[in-house]
Amino acid sequence: EDPGRLQAFEARIALGEKIEPTDWMPALYRRQLIRMIEQHAHSEIIGALPEGTWITRAPGFKRKLSLMAKVQDEVGHAQLLYSAAETLGKTREEMITDLISGKSKYSNIFNYPAYTWADACFISWLVDAGAIVNQLANAKGSYGPYCRALERICAEESFHLKYGHHCVIYLAAGTPQQRAMFQEALNRWWQPMMHFFGPADKLSDHTRILMKWKVKMATNDAMRNQFLDMYVPKILELGFTIPDPKLAKNPGTGVWNYTEPDWEEFKRVIQGDGPCNRERLEVRRIAEARGRWVREALRSPRAVYSMPLA
Ligand code: BYC
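With an unreviewed UniProt entry as reference, the chain is termed 1,2-phenylacetyl-CoA epoxidase subunit A, source organism Dawidia soli.

Printed below as a string of structure tokens:
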């Protein structure tokens with residue numbers, strides 16, 4: 001890299017300016033952004049799957065409508081993010097190919113099954129809460145198209161959060177079976193939720209450079225801590241318990257202590273060997289195969305007439 005250009009680039013970032021697609025940027029900045037935005041986009045479409053299976057079974061018409069709108073929003077977020085990543089030079093087709101071949105990662109948390117309605121409620125409330133902590137911070141980052149996409153996403157996520165919280169309050173105020181159902185969901189999802197913010201800072205490969213270039217505006221541990229700070233009191237207030245006997249805030253430092261989640265399980269899950277990875281990718285592969293004729297027709301409107309019916 002030309003040192004003068006790099007210096008000017010870093011000076012702009014230090015001043016809080018946004019970097020736009022046609023501006024000069026170091027090759028590593030471009031690669032890191034593609035990696036992160038692409039993974040984020042994949043997480044949104046794969047994230048639609050565990051909740052999506054609950055649309056037809058959500059209790060009551062209003063819940064069905066709200067959940068359907070939420071899932072549709074998540075897929076819309078993926079569209080915004082794929083567009084932001086495309087500004088950096090990787091095509092949507094390449095990104096989808098890398099997703100379904102297993103080359104690209106997506107969030108660990110969507111590789112767990114949503115067994116009960118309470119699991120869907122956990123996702124709507126607490127996974128969305130975690131996502132908002134991350135996205136609100138990174139919306140203040142340096143790459144214009146990603147930040148603008150995150151701002152729009154956060155606006156919609158704030159509705160999801162209210163919807164999810166309402167669903168959980170309803171279970172909390174319900175019968176002993178309803179309370180037990182949410183407690184079991186919480187027990188199942190707590191560890192994947194702790195994993196959601198990424199490995200501990202000392203093990204995080206990318207944090208240093210991403211923080212330097214203001215792509216990431218807080219470290220993994222700082223985001224995890226902020227989530228605990230905001231949501232542990234709300235969970236306890238509803239009378240639930242958190243399955244970690246060590247979990248406690250140090251009142252002096254404001255830092256939460258917790259049992260270190262199983263990072264070996266995290267690695268297995270993000271490398272493709274979680275409980276639902278194969279199923280999730282298979283759904284996407286089928287969707288790609290079924291949609292192929294639409295893409296081909298769009299490219300060549302006349303070709304569609306000569307195609308055999310699927
Ligand atoms: N899951 O150096 P590190 C939603 C990987 S969707 C999987 O700390 P970085 C929702 C990481 O990629 C919103 N992989 O990485 C949707 C790296 O591997 P590679 C989801 C993870 O980038 C529908 C390696 O571990 N949010 O909420 O500095 C319904 C080393 O990690 C994870 C986003 O996607 C993980 N959790 O920081 C409901 C946010 N964590 O690439 C809800 C955007 C780490 O070297 N992403 N890895 O092979 C980010 O903010 C950052 O990428 C992370 C990780 C904080 C996740």
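Participant: Help me understand the overall build of the chain in this model?
Facilitator: Of the regular secondary structure elements, the chain holds 11 helices and 2 strands. When the helices and strands of the chain are placed in sequence order, the string is α-α-α-α-α-α-α-α-α-β-β-α-α. Within the span of the chain, comprising 310 residues, buried residues form 34% of the whole.

Participant: I keep staring at the site of the ligand and nothing clicks. Help me out?
Facilitator: What surrounds the ligand is a group of 31 residues, the closest being Gly47, Ala131, Gly198, Ser204 and His206. Residue assignment for the shell around the ligand shows that the elements contributing at least two residues are helix H2 (27-52), helix H5 (117-138), helix H7 (176-196) and helix H8 (207-212). In terms of residue count, H2 provides more of the shell around the ligand than any other element does, 9 residues in total. Of the residues in the shell around the ligand, the class split is 10 nonpolar, 13 polar and 8 charged.

Participant: Looking at this structure, how should I read the nonpolar core?
Facilitator: Note that soluble globular proteins tend to have their nonpolar side chains buried in a common cluster. Counting 62 residues, the largest nonpolar core has Ile37, Leu81, Ala85, Cys121, Phe122, Tyr146 and Met193 as its most contacted members. It is H5 that provides the largest number of residues to this core, a total of 10 residues. Among all residues touching Leu81, those that are not within four sequence positions of it are Ile37, His40, Ala41, Glu44 and Ala149.

Participant: How should the confidence of the model for the chain be read in this particular structure?
Facilitator: When pLDDT is low, close inspection of the predicted coordinates is not appropriate. Within the chain, residue pLDDT values average 96, and 97% of them lie at 70 or more. Taken over the whole predicted complex, pTM reads 0.96, whereas the ipTM for its chain interfaces reads 0.98.

Participant: Explain the environment of Arg224 to me, please; I cannot follow it from the model alone.
Facilitator: Along the chain, Arg224 falls in helix H9 (residues 220-237). When the C-alpha positions of Arg224 and Tyr29 are compared, they lie 24 Å apart, and in sequence the two are 195 residues distant. Non-local contacts of Arg224, meaning those with residues more than four positions away in its chain, are made with Met194 and Phe197.

Participant: What's the story with the packing of helix H6 (residues 144-172) against H7 in this structure? I'm lost.
Facilitator: Running from N to C, H6 and H7 cross one another at 130°; their axes reach a closest spacing of 7 Å. Here H6 lies oblique to H7, going by the angle between them. Residues Val168, Leu171 and Ala172 of H6 pack against Gln178, Arg179, Met181 and Phe182 of H7. Of the residues contributing to the contact of H6 with H7, the split by class is 5 nonpolar, 1 polar and 1 charged.

Participant: Honestly, the environment of Asn111 in this entry has me stumped. Any pointers?
Facilitator: Of note, Asn111 is situated in the loop between helix H4 (92-100) and H5. Considered as a pair, Asn111 and Leu80 are 31 residues apart in the sequence and their alpha carbons are 23 Å apart. Once you skip the residues sitting within four places of it in the chain, Asn111 turns out to touch Val269, Gly274, Pro275, Cys276, Asn277 and Arg280.

Participant: Please explain unusual backbone geometry as it appears in this structure.
Facilitator: The phi torsion of most residues other than glycine is negative, and most of the peptide bonds are trans. Within the chain, Lys214 stands out as a residue other than glycine whose phi angle is a positive 55°. Mapping Lys214 onto the fold places it in the loop between H8 and H9. The class for Lys214 is buried, based on 20 C-beta atoms found within 10 Å.

Participant: Would you mind showing me how to read the packing of H5 against H7 here?
Facilitator: Axes are the key here: two packed helices are described by the angle between their axes and the distance separating the axes. Where H5 contacts H7, the axes come no closer than 9 Å and their chain directions differ by 35°. The chirality of how H5 crosses H7 is right-handed. Here Ala118, Asp119, Cys121, Phe122, Leu126, Val127 and Gly130 of H5 come into contact with H7, specifically with Met181, Phe182, Glu184, Ala185, Leu186, Arg188, Trp189, Met193 and Phe196. Its residues assigned to classes, the contact of H5 with H7 shows 12 nonpolar, 1 polar and 3 charged.

Participant: How do you make sense of the environment of Glu237 when you look at a structure like this?
Facilitator: Mapped onto the elements, Glu237 comes out in helix H9. Placed 80 residues apart in sequence, Glu237 and Glu157 show a C-alpha to C-alpha distance of 22 Å.

The rules behind these values
- Residues numbered from 1 in each chain as written.
- Predicted model: local features only at pLDDT ≥ 70, side-chain atom pairs only at ≥ 80, totals over all residues.
- Helix = DSSP H or I, 4+ residues; strand = E, 2+ residues; numbered from the N terminus.
- Buried ≥ 20, exposed ≤ 12 C-beta atoms within 10 Å, placed from the backbone.
- Near = placed C-beta within 6 Å.
- Nonpolar A, V, L, I, M, F, W, Y, C, P; charged D, E, K, R; others polar.
- Core = buried A, V, L, I, M, F, W, Y, C linked by C-beta atoms within 7 Å.
- Contact = placed C-beta atoms within 7 Å.
- pLDDT = per-residue confidence, 0-100.
- Axes fitted to C-alpha atoms, helices over the stretch in contact; angles between N-to-C directions.
- Parallel < 35°, antiparallel > 145°, perpendicular 65-115°, else oblique.
- Left-handed = near helix turned anticlockwise from the far one by under 90°.

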